[in-house]
Amino acid sequence: MKHLLALALLAAFRLAPADEQPLTQLPYTPSLDVSAMDRSVDPCEDLYQYACGGWMKHNPIPADEAWWAVYAKAAHENRRYLWGVLQELAQPAASARSAPQQQLGDYFGACMNEEAVNAAGLKPLQPLLDRIDALQDKRQLPNLLAALHQVLDNERAFFRFSSGQDFNDATQVIAFVSAGGLGLPERDLYLKNDARSRKLRSEYQAHVQRSLVRAGATPEQAQRQARSVLTFETGLARATLSPVERRDPYKLSNRLQPAELQALTPGFDWAAYRQALGLAQELPVLNVTEPRFLKRWGVLLQQADLTTLKTLLRWQLLSSQAEFLDAGWQAEQFGFYGKTLQGVPVQKARWKRCVELVDAQLGEALGQEFVARNFSPELKERVIKMTEQIKAAMARRIDALEWMSPATKARAHEKLASMVNKVGYPDNWRDYSAFQVQRDDFLGNLQRGNAFELQRQLAKIGKPLDRGEWGMTPQTVNAYYNAQMNDINFPAAVLQPPLYDAKLDDAPNYGNTGGTIGHELIHGFDDEGRQFDAQGRLKDWWTTQDAKAFER
């Protein structure tokens, strides 16, 4: 009975989303709210419950979310506001829409047209499915993978090919090849033998089987194919770095000549793949984040017959696009990735998913709308001043460290002083004019958006780094530190109430946004960030003794 009661209480705590409406302006929530406290608790016994108990009581985890907190709620309210902006821009009769506004409105309008998406079913993927079925020789694989990578926007098709900052020369951008091909989110789920991992593998295989049946296979065929998918992906997982290993940038820094890359996978023609992507020039050097993975993939590729290879490619295409297809495909995809893996009972409303897609594919165009309506130059200056003050406080803390030598302190000060502070939005907005958006072609828009972004990334290869570029959009309720850029970034949306409250005095803002600034500054000196120098190069600037003291 106790367990049943606990489950009933948990279910009651996961409220179904209310019938929400778009917002015409951002709601005001004060950053200091005494109702968020639980004064029935002794703060000396449980300070967290005392400070946050009221907020938790009045803010249960929504049924379409895996977790909930002040930031998550602020992001949700922000999405409702963006929903209102996009709904307004989606009206074809909206007067005097600029070209970017028309792109935003038409993309959102096409995404929200569920009737058209449901009617289309699997048809939008049929040309790519036909290309996979037509594969007659493994020598055709480079061209086929290039076509898939143009539209998938992820590493599901075996690996990701893109660009990135050179670990050794932070001023330059080079080609990057990264590991992929796994349908489960964590490589250890393939390898652990505990009951939970075995159960998740079984449920994943069942999900693959049901999806392949939905795509036209017989139950018997789908059962065999699902087994082959799990077997192949397990082979890839054995050669994939763990999340802990991936925190070591030296493990990800592997500069190879094209001939060395080709030697890792003798059966895959990288020059043909590169040319199919539109990269005509020879690449003098590439960074391969996981050479062991690529070598293993090359072996598995040679061992697999054409039937298995087609099954893998078909599954990778279907699994990466299922959430954008009709309601049946969405339910199957959410059933495993939402309910089973994350414990989320209810799928997000379509408007939320459409807002997120616009943010992902036309993010800075949407950011211009957000900033123009919600972010003032005065606010930007106040946050810049706050950041400089907190950097000065951190400099004093560095000086006070008893375990760090003067030589390392000098390098730490150099890095801190060089750290660029980006507040609000980029100085130069991204140009999306080459991205063709059609009002009646949702999946086509998505795929053209992925192709646009891939080509934008590939165009950076061999060019000097653009240090003005942002990794988040202005409407993102978050902040970040980039070790290779050596910059801290605070989007406009994270500088809105209740996270930054311009109506209150400075004290709560230093406690809240100031804490966020300190958090990002410290990332420059954590276990990962400390490996990069003031210019963003992967370079050891610590004395041996100080490095050991840091590890302790």
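Structure shown above.
The structure displayed is predicted, hence computed values, not measured ones.

So, how was this worked out
Residues numbered from 1 in each chain as written. Predicted model: local features only at pLDDT ≥ 70, side-chain atom pairs only at ≥ 80, totals over all residues. Heavy atoms only, no water. Helix = DSSP H or I, 4+ residues; strand = E, 2+ residues; numbered from the N terminus. Rg over C-alpha atoms; globule rule 2.2 N^0.38 Å. Buried < 20%, exposed > 50% of the residue type's maximum accessible area, 1.4 Å probe, protein only. Contact = heavy atoms within 4.5 Å. Areas by Shrake-Rupley, 256 points an atom, 1.4 Å probe, with all protein chains shown as cover. Lys, Arg positive; Asp, Glu negative; His and termini not counted. Charge placed at Lys NZ, Arg CZ, Asp CG, Glu CD. Pairing = 2+ DSSP bridges. Arc of directions from axis to C-beta. 1 Å grid on protein atoms, 1.4 Å probe; cavity = no way out; pocket = protein on both sides within 12 Å on 5 of 7 lines; lining within 4 Å. Points joined across faces, edges and corners; volume = space filled by probe spheres on them. Nonpolar A, V, L, I, M, F, W, Y, C, P; charged D, E, K, R; others polar. Phe/Tyr/Trp six-rings, centres within 6.5 Å; stacked < 30°, edge-to-face > 60°. Lys NZ or Arg CZ within 6 Å of the ring centre and 35° of its normal. Disulfide = S-S within 2.5 Å.

Trainee: Go over the overall build of the protein with me, naming the residues and quoting the values.
Mentor: Counting its regular elements, the protein contains 24 helices and seven strands. Relative to its length of 552 residues, the protein is compact, with a C-alpha radius of gyration of 25 Å against a globular reference of 24 Å. Each of the three principal axes of the protein carries a C-alpha extent, and together these read 70 × 65 × 60 Å. Every one of the 552 residues in the protein was classed for burial, and the buried ones make up 51%. Intrachain contacts of the protein at a sequence separation of at least 6 include 72% that bridge at least 24 residues. Accessible surface, the protein: about 26,400 Å² in total, of which carbon and sulfur atoms supply 53%. Side-chain charges in the protein split into 64 positive and 66 negative, and the spacing between the mean points of these groups amounts to 4 Å.

Trainee: Can you explain the sheet that holds strand β2 (residues 173-179)? Please cite residues and give values.
Mentor: Taken in spatial order, the four strands line up as β1-β2-β4-β3 in an open sheet, and their pairing is mixed. Taken across any chain shown, the strands that pair with only one partner, and hence form the sheet edges, are β1 (159-165) and β3 (255-256). Examined bridge by bridge, β1 and β2 share seven bridges and lie antiparallel to one another. Across the sheet, the residue bridging to S163 is A175, located in β2.

Trainee: Please provide a residue-by-residue account of helix α24 (residues 544-551), values included.
Mentor: Because each turn of an α-helix spans 3.6 residues, side chains separated by three or four positions end up pointing in the same direction. Burial in α24 covers these residues: D546, A547 and A549. For α24, the angular spread of buried residues about the axis comes to 160°, placing them on one side. Pointing more than 90 degrees away from the buried face of α24 are the exposed residues T544, Q545, K548 and E551. Packing partners of the buried residues in α24 comprise α21 (406-418).

Trainee: An account of the layout of surface pockets is requested, with residue identities and associated values reported.
Mentor: The gaps left among the atoms become clear once a water-sized probe is rolled over them. In this model, the second largest pocket occupies a volume close to 820 Å³. As for the second largest pocket, its lining consists of 35 residues, of which T29, W55, V70, K73 and P498 are closest to the centre. Of all the elements in the fold, those that place two or more residues in the lining of the second largest pocket are α2 (47-58) and α3 (70-89). At seven residues, α2 tops the list of elements feeding residues into the lining of the second largest pocket. For the lining of the second largest pocket, the class distribution of residues is 23 nonpolar, nine polar and three charged.

Trainee: Tell me what's going on with the packing of aromatic side chains, and back it up with residues and numbers.
Mentor: One pass over the full model with this rule turns up 28 aromatic pairs. Relative to F435, the ring of Y107 has its centre 6.4 Å away and its plane inclined at 75°; by these criteria the two rings are edge-to-face. Residue Y107 is located in helix α4 (residues 99-112), and its partner F435 is located in the loop between β5 (420-424) and α22 (442-458); the two are separated by 328 residues in the primary sequence. Taken as a pair, Y107 and F435 share a single burial class, namely buried. Through successive ring pairs, a cluster of aromatic residues spans F158, F159, F161, F232, F268, W270, Y273 and W297. Here the guanidinium or amino end of K415 rests over the ring plane of F525, the centre of that ring lying 5.6 Å away. Here K503 stacks its cationic end above the ring of Y28, 4.2 Å away from the centre of that ring.

Trainee: Summarise the state of the cysteines; cite the residues concerned and give the values.
Mentor: Counting across every chain of the model gives one disulfide. Between the sulfur atoms of C111 and its disulfide partner C354 the distance amounts to 2.1 Å. Looking down the S-S bond of the C111 and C354 bridge, the torsion is -85°, so its handedness is left-handed. Taken together, the positions of C111 in helix α4 and C354 in helix α18 (residues 350-361) put the pair 243 residues apart, joining distant regions of the chain. A relative accessible area of 1% means that C111 is categorised as buried. We note that C44 lacks a disulfide partner, and the nearest cysteine sulfur, in C52, lies 16 Å from it. Judged by its relative accessible area of 26%, C52 falls in the partly exposed class.

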